[in-house]
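The chain contents come next:
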Amino acid sequence: MIPYGRQDITQADIDAVVEVLQSDFLTQGPMVPRFEQVVARYVGAAHALAVNSATSALHIACLALGLGEGDRLWTSPITFVASANCALYCGAQVDFVDIDPRTYNLCPEALEGKLREAERQGTLPKVLVAVHLCGQPCDMRAISVLAKRYGFKVIEDASHAIGGKYQGEFIGNCRHSDITVFSFHPVKIITTAEGGMALTNDLELANKMALLRSHGITRDPSLMTHEADGPWYYQQIDLGFNYRMTELQAALGVSQMDRLDQYVARRHQLAKRYDELLSELPVTTPWQRPDSYSGLHLYVIRLQLNKIGKTHRQVFELLREKGIGVNLHYIPVHSQPYYQAMGFKAGDFPQAESYYSEAISLPIFQTLSDQDQNQVIAVLREVLQA
Ligand SMILES: *Cc1c(COP(=O)(O)O)cnc(C)c1O
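Treat the numbers as computed from the prediction; the structure is a model and nothing was measured.

A. Here's a closer look at the overall build of the protein chain. For the protein chain, the count of helices and strands is 13 helices and 15 strands. Every one of the 386 residues in the protein chain was classed for burial, and the buried ones make up 54%. In the protein chain, 73% of the contacts between residues at least 6 apart in sequence involve partners at least 24 apart. A total accessible area of about 16800 Å² is found for the protein chain, and carbon and sulfur atoms account for 50% of it. The average position of the 34 basic charges and that of the 42 acidic charges among the side chains of the protein chain differ by 5 Å.

B. Representation of the sheet that holds strand E15 (residues 359-362). Spatial strand order, E12-E14-E15: three strands in an open sheet with antiparallel pairing. This sheet does not close on itself; its edge strands, each paired only once, are strand E12 (283-284) and E15.

C. View of the UniProt feature "modified residue: N6-(pyridoxal phosphate)lysine" (unreviewed entry) in the protein chain. According to UniProt, the "modified residue: N6-(pyridoxal phosphate)lysine" (unreviewed entry) feature falls on Lys188. Checked against the element boundaries, lysine 188 lands in the loop between strand E8 (179-183) and strand E9 (196-200). Its relative accessible area of 14% is what places lysine 188 among the buried residues. Residue contacts for lysine 188: discarding those within four places in its chain leaves Ser159, His160, Ser183, Arg267 and His297.

D. Structural view of the packing of aromatic side chains. Under the criterion given, the structure shown has 11 aromatic pairs. In textbook terms, an aromatic cluster arises when at least three aromatic residues are bridged by ring pairs, as seen for Phe96, Tyr338, Tyr339, Phe344 and Phe349. The ring of tryptophan 287 has arginine 102 lying over it, and the distance from NZ or CZ to the ring centre is 3.7 Å.

E. Just the site of the ligand, in detail. Looking at the ligand, there are 15 residues lining it, with Thr55, Asp157, His160, Ser183 and Lys188 nearest. Within the side chain of serine 159, one N or O atom sits 3.4 Å away from a nitrogen atom of the ligand. The side chain of histidine 160 places a nitrogen or oxygen atom 2.7 Å from an oxygen atom of the ligand. Here the ligand, which alone exposes 380 Å², has 93% of that area covered by the protein. Counting only elements with at least two residues in the shell around the ligand, the list comes to helix H3 (54-64) and helix H4 (82-89). Looking at side-chain class alone, the shell around the ligand contains five nonpolar, eight polar and two charged residues.

F. View of the packing of H3 against H4. Two elements in contact, H3 and H4, have axes whose closest approach is 9 Å; the angle formed by their N-to-C orientations is 45 degrees. Between H3 and H4, the angle falls in the class oblique. The interaxial crossing formed by H3 with H4 has right-handed handedness. Residues Thr55, Leu58, His59 and Cys62 of H3 form the contact with H4, whose participating residues are Ala82, Ser83, Cys86 and Tyr89. Among the residues making up the contact of H3 with H4, the classes are represented as five nonpolar, three polar and no charged.

G. Structural context of the UniProt feature "active site" (unreviewed entry) in the protein chain. The positions that UniProt labels "active site" (unreviewed entry) are, in the present scheme, Lys188. Only 3.5 Å separates the side chain of lysine 188 from the side chain of serine 183, close enough to count as a polar contact.

Criteria and cut-off values
- Residues numbered from 1 in each chain as written.
- Predicted model: local features only at pLDDT ≥ 70, side-chain atom pairs only at ≥ 80, totals over all residues.
- Heavy atoms only, no water.
- Helix = DSSP H or I, 4+ residues; strand = E, 2+ residues; numbered from the N terminus.
- Buried < 20%, exposed > 50% of the residue type's maximum accessible area, 1.4 Å probe, protein only.
- Contact = heavy atoms within 4.5 Å.
- Areas by Shrake-Rupley, 256 points an atom, 1.4 Å probe, with all protein chains shown as cover.
- Lys, Arg positive; Asp, Glu negative; His and termini not counted.
- Charge placed at Lys NZ, Arg CZ, Asp CG, Glu CD.
- Pairing = 2+ DSSP bridges.
- UniProt positions renumbered as here; feature names shortened; annotations may be inferred.
- Phe/Tyr/Trp six-rings, centres within 6.5 Å; stacked < 30°, edge-to-face > 60°.
- Lys NZ or Arg CZ within 6 Å of the ring centre and 35° of its normal.
- Near = heavy atom within 4 Å.
- Polar contact = N/O pair within 3.5 Å; in protein donor to acceptor, adjacent residues only side chain to side chain.
- Nonpolar A, V, L, I, M, F, W, Y, C, P; charged D, E, K, R; others polar.
- Axes fitted to C-alpha atoms, helices over the stretch in contact; angles between N-to-C directions.
- Parallel < 35°, antiparallel > 145°, perpendicular 65-115°, else oblique.
- Left-handed = near helix turned anticlockwise from the far one by under 90°.

Okay, structure coming up:
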């Protein structure tokens, strides 16, 4: 089976991890700060906090922004559930903004319309999670204008987008947001096995997230309520978690960062080949914003079902049967039973639902060969034309 995504682990990665295993620190040593510095410098953000997953990063990002009971977080229905669940962890409510049928990202016009209505009803969101689906950035300029006008905070869920650029600058520099989050799960662009990172230019948010990552405990005398009892002393000044990344993971991350540009470049080559070689087939290939350089975590096609004598599900199943490990990103979050129990229902976000009825993620990853890609295309052609 050709998978839809796969990590690339080199001898240099293995050596870096083994070196940590033989060192004094398996956790809370020098590698985590080094990984944070490498990523922060790369994207051009002032502060970076490595954590054990992007889900944890989203949670502490929401808490640092003050999200709590009675507050609302809005996001796209076409995302992984974690982009929305982070609000529920904080006791806040979730709502969604339908997607743009061309980019599959949260639609800025739909956002503006919903904000106008929410202002009338007194139900404005406190936080918006802008998900850069497939690695293609959202219209961050439009979103940040609305954020200032309506007074909400912005988290970029850039789990798909490290190494990509928006208007010539690396995603993660937080020019148009308060916090950006990356994921280093093995299917993502670079990996630390499990892992995530929160980036910000705001020192206060960075300090708050650093506390929340490690039990709400500080050893910084300037943050304590009174003078230290002695050199052993620490204070718990907030309720935090153990969301720390290990030294092994950080070493793997530092090593993977050396190949990030190469990885994204290869993904662009593969996407370009798909664009060309699929142009005759009854599928819609992904539209790319001309002002951006996508991280291309995913390559999603939409089936033109009126031109195909099969259902979406039949095409998907036949591809899997014939050894192509396609996937579907994502099931609209509002259609999950847990969200339906909150009152969301089919028909609430028609663009997202229409996307879900046609979308298929084709294999794309840095070590996918041209030959294997040709095989994907040949099987797809056979399935669609038979
Ligand atoms: C993978 C992913 C997450 C969660 O990442 P983890 O590191 O697995 O917690 C969140 N949002 C999006 C859009 C993702 O793709």
